[in-house]
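# An overview of the molecular structure
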Amino acid sequence: LSPIRQYMLIHHPASKRHTNAVHAYYIHLIEAHPSEEPGHPRFLETTKVLSPEVGNIRHLLLDALRDQPPTIPGLAMAAYSFVQFQFWAQPSTDIIDELLCCWDNHDFQLSRAHGLYTRGKMLVRLGYYRRASDDLEPALDQLLAIGDRQVIADCRYYIGTVRYMHHEYDLAMETLSEAHS
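Summary of the structure given here.

Looking only at helices and strands, the chain features ten helices and zero strands. Element order for the chain, N to C, with α for helix and β for strand: α-α-α-α-α-α-α-α-α-α. Once the C-alpha set of the chain is aligned to its principal axes, its extents read approximately 60 × 30 × 30 Å. Taken across its 181 residues, the chain has 41% of its residues classed as buried.

Have a look at this one:
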C-alpha cells in the first residue's frame, strides 16, 4: 500500500479539509482503542483493529508531527498512545523520535522524562542498549524529581537490563534490586 499511497499523495494531494478529516479519524481510532499490555482483555481487540492500519497511522502521525507548530487537537497524546501500542506489536522509534524533538511544542500532560523513558524501553526491546541507556539515565533523574514511583521502578528495571547486557552484573543487580524496593 505504501507505494500506492505515496503516488496518490504526490500526484493527487488532498485538500487541507480532507487531510484534517483523515487525521481526526485516525486520532479517534487510536483513542477508541487504547494500548494495553498482552494479556489484558482489550489487547487482542486493539491489535485486531490497529494492526491493519499501522502503515497509514504511522504515515499520518509522522506527517502531522512534522507540521510545526502543531495544529491538530489530540495529536500528541494519540501519537504517544500509538507508540505504546507499537512497543508490543511492531517496535519502532520513529514516532517517539518525532515527539521528543518537539516535545515542548505539544499540549501534553506528560513530562519529557516519560517520553525519554518510553523511547529508552523501546530501544531496549529493539536491542539498542547503548542508545537506550542514553535515554533511560536522564529519564530516571527527571522521574526521581517528579516522584512517579511506578515509572521510576520500571525505568530502573530497564536500566538494570541494559547494564546486564553490557556485562555490568554487579551494577545490574543493584539497579534491579532498587527497582523492586
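Quick look at the packing of aromatic side chains now. Applying the stated rule across the entire model yields seven aromatic pairs. When the ring of Y80 is compared with that of W103, the centres are 6.2 Å apart and the planes differ by 85°; the resulting orientation is edge-to-face. Taken together, the positions of Y80 in helix α5 (residues 75-89) and W103 in the loop between α6 (94-101) and α7 (112-126) put the pair 23 residues apart, joining distant regions of the chain. Feature note: the residues Y117, Y157 and Y158 constitute an aromatic cluster, connected by ring pairs. In this structure, K121 packs its charged tip against the face of F87, placed 4.8 Å from the ring centre. In this structure, R125 is placed above the aromatic ring of F87, and the distance from its NZ or CZ to the ring centre is 5.2 Å.

On the secondary structure map, H23 appears in helix α2 (residues 16-32). For the pair H23 and A179, spaced 156 residues apart in sequence, the C-alpha to C-alpha distance is 39 Å.

Axis separation between helix α1 (residues 2-11) and helix α4 (residues 54-66) bottoms out at 11 Å; the angle between their running directions is 40°. α4 is crossed by α1, and the crossing has right-handed handedness. On α4, the residues touching R5, Q6 and L9 of α1 are G55, N56 and H59. For the contact of α1 with α4, the residue count by class is one nonpolar, four polar and one charged.

So, on to the layout of surface pockets. By volume, the largest pocket is sized at about 360 Å³. Along the wall of the largest pocket there are 13 residues; nearest its centre are E36, E37, Q84, W88 and K121. Elements supplying a minimum of two residues to the lining of the largest pocket: α5, α7 and α9 (149-165). Broken down by element, the lining of the largest pocket gets its largest block of residues, four residues, from α5. Here the lining of the largest pocket is composed, by residue class, of six nonpolar, three polar and four charged. A volume near 310 Å³ is recorded for the second largest pocket. Lining of the second largest pocket is provided by 16 residues; of these, L9, T19, H23, L60 and D63 occupy positions nearest its centre. Looking at the lining of the second largest pocket, the element that brings in the most residues is α2, giving six residues. Across the lining of the second largest pocket, the residue classes tally to seven nonpolar, five polar and four charged.

Let us now look at the pattern of salt bridges. The final tally for this structure, using the stated rule, is seven salt bridges. Across the pair R58 and D94 runs a salt bridge whose closest N-O atoms are separated by 2.2 Å. Separated by 36 residues along the polypeptide, R58 in helix α4 and D94 in helix α6 bring together distant segments of the chain. Residues joined in a network through salt bridges with shared partners are D97, R119 and D135.

Further remarks concern α2. Over its 17 residues, α2 runs 24 Å from end to end, which matches the ideal 24 Å to within 8%, given 1.5 Å per residue. The complete set of buried residues in α2 reads H23, Y26, I27, L29 and I30. Taken down its axis, α2 places every buried residue within 155° of arc, on the same side. Exposed residues pointing more than 90 degrees away from the buried face of α2 are listed as R17, H28 and E31.

About the cut-offs
- Residues numbered from 1 in each chain as written.
- Predicted model: local features only at pLDDT ≥ 70, side-chain atom pairs only at ≥ 80, totals over all residues.
- Heavy atoms only, no water.
- Helix = DSSP H or I, 4+ residues; strand = E, 2+ residues; numbered from the N terminus.
- Buried < 20%, exposed > 50% of the residue type's maximum accessible area, 1.4 Å probe, protein only.
- Phe/Tyr/Trp six-rings, centres within 6.5 Å; stacked < 30°, edge-to-face > 60°.
- Lys NZ or Arg CZ within 6 Å of the ring centre and 35° of its normal.
- Axes fitted to C-alpha atoms, helices over the stretch in contact; angles between N-to-C directions.
- Left-handed = near helix turned anticlockwise from the far one by under 90°.
- Contact = heavy atoms within 4.5 Å.
- Nonpolar A, V, L, I, M, F, W, Y, C, P; charged D, E, K, R; others polar.
- 1 Å grid on protein atoms, 1.4 Å probe; cavity = no way out; pocket = protein on both sides within 12 Å on 5 of 7 lines; lining within 4 Å.
- Points joined across faces, edges and corners; volume = space filled by probe spheres on them.
- Salt bridge = Lys/Arg side-chain N within 4 Å of Asp/Glu carboxyl O.
- Expected span 1.5 Å × (residues − 1).
- Arc of directions from axis to C-beta.

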